[in-house]
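Commentary on secondary and tertiary structure
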Amino acid sequence: RLRLSSPQPDFELRVVPTRVAIRGKESATVSVHAIRRDGFAAPITFGLQNTNDGFSVQSVTLSGTQTVARVTIKSNLTETEDPVPLVITGTSTNAAGRFTRIAVPAEDRMQAFLWRHLVPAQEFLAMVYDPKTVADEPRAGKFGKGKKRK
């Protein structure tokens with residue numbers, strides 16, 4: 001697309017992978033990619049949109065020259081019945097004002113053994129599991145249910 005205008009610095013975020021399994025009361029890491037537009041070079045700080053679900057994000061700031069950050073998601077839950085949708089946000093401030101963007105869930109895919117693409121998805125899901133359980137039959141749309149080991 002061709003656009004003739006003055007620069008409009010902005011950014012977009014992608015979180016990879018689209019789902020994460022977390023051991024009870026532990027943490028897991030995901031990658032957050034910053035796609036900077038028109039010379040946007042301000043630092044970006046990451047967080048969760050809703051922290052009341054038993055999940056938290058360790059504070060991470062991406063410098064103005066970095067494009068990928070590893071974000072740690074921690075859960076204080078021992079187990080979840082179903083996958084929980086999470087929303088990672090990125091906040092930044094520059095001369096134009098304060099920006100907050102939602103990280104779009106994406107999968108990192110390779111095309112023809114060379115090009116890599118971040119393919120957008122609908123939701124970013126987290127499942128907390130008890131390590132003492134064993135997976136039963138997987139069910140569509142869920143990570144699977146478990147039963148206690150003997």
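Below is a short write-up of the structure.

So, how was this worked out
Residues numbered from 1 in each chain as written. Predicted model: local features only at pLDDT ≥ 70, side-chain atom pairs only at ≥ 80, totals over all residues. Heavy atoms only, no water. Helix = DSSP H or I, 4+ residues; strand = E, 2+ residues; numbered from the N terminus. Buried < 20%, exposed > 50% of the residue type's maximum accessible area, 1.4 Å probe, protein only. Contact = heavy atoms within 4.5 Å. Salt bridge = Lys/Arg side-chain N within 4 Å of Asp/Glu carboxyl O. Pairing = 2+ DSSP bridges.

Locating Thr 89 in the fold gives a position in strand 9 (residues 88-94). We classify Thr 89 as buried; its relative accessible area is 11%. Apart from residues no more than four positions distant in its own chain, Thr 89 is found in contact with Leu 13, Thr 45, Phe 46, Gly 47, Leu 48, Gln 49, Thr 100, Arg 101 and Ile 102.

Cis geometry marks the peptide bond from Val 16 to Pro 17; its omega dihedral reads 0°. Turning to its location among the elements, Pro 17 is positioned in the loop between strand 1 (10-16) and strand 2 (19-23). Positive phi, close to 50°, is recorded for Asp 38, a residue that is not glycine. With respect to the secondary-structure elements, Asp 38 resides in the loop between strand 3 (27-37) and strand 4 (44-48).

Tallying each qualifying case throughout the model produces 4 salt bridges. Arg 116 serves as the salt-bridge partner of Asp 108, at 3.2 Å between the closest nitrogen and oxygen. On the accessibility criterion, Asp 108 (30% relative accessible area) is partly exposed.

Moving on to the pairing of strand 1. Counting buried residues in strand 1 gives 5 out of 7 residues, a clear majority hidden from the surface. When strand 1 meets strand 3, the two strands line up antiparallel, connected through 7 bridges. Looking at strand 3, one finds that Val 15 is bridged to Val 32. Judged from the 3 bridges that link them, strand 1 and strand 10 (residues 97-111) form a sheet pairing that is parallel. From the neighbouring strand, Leu 13 faces strand 10, where its bridge partner is Ala 103.

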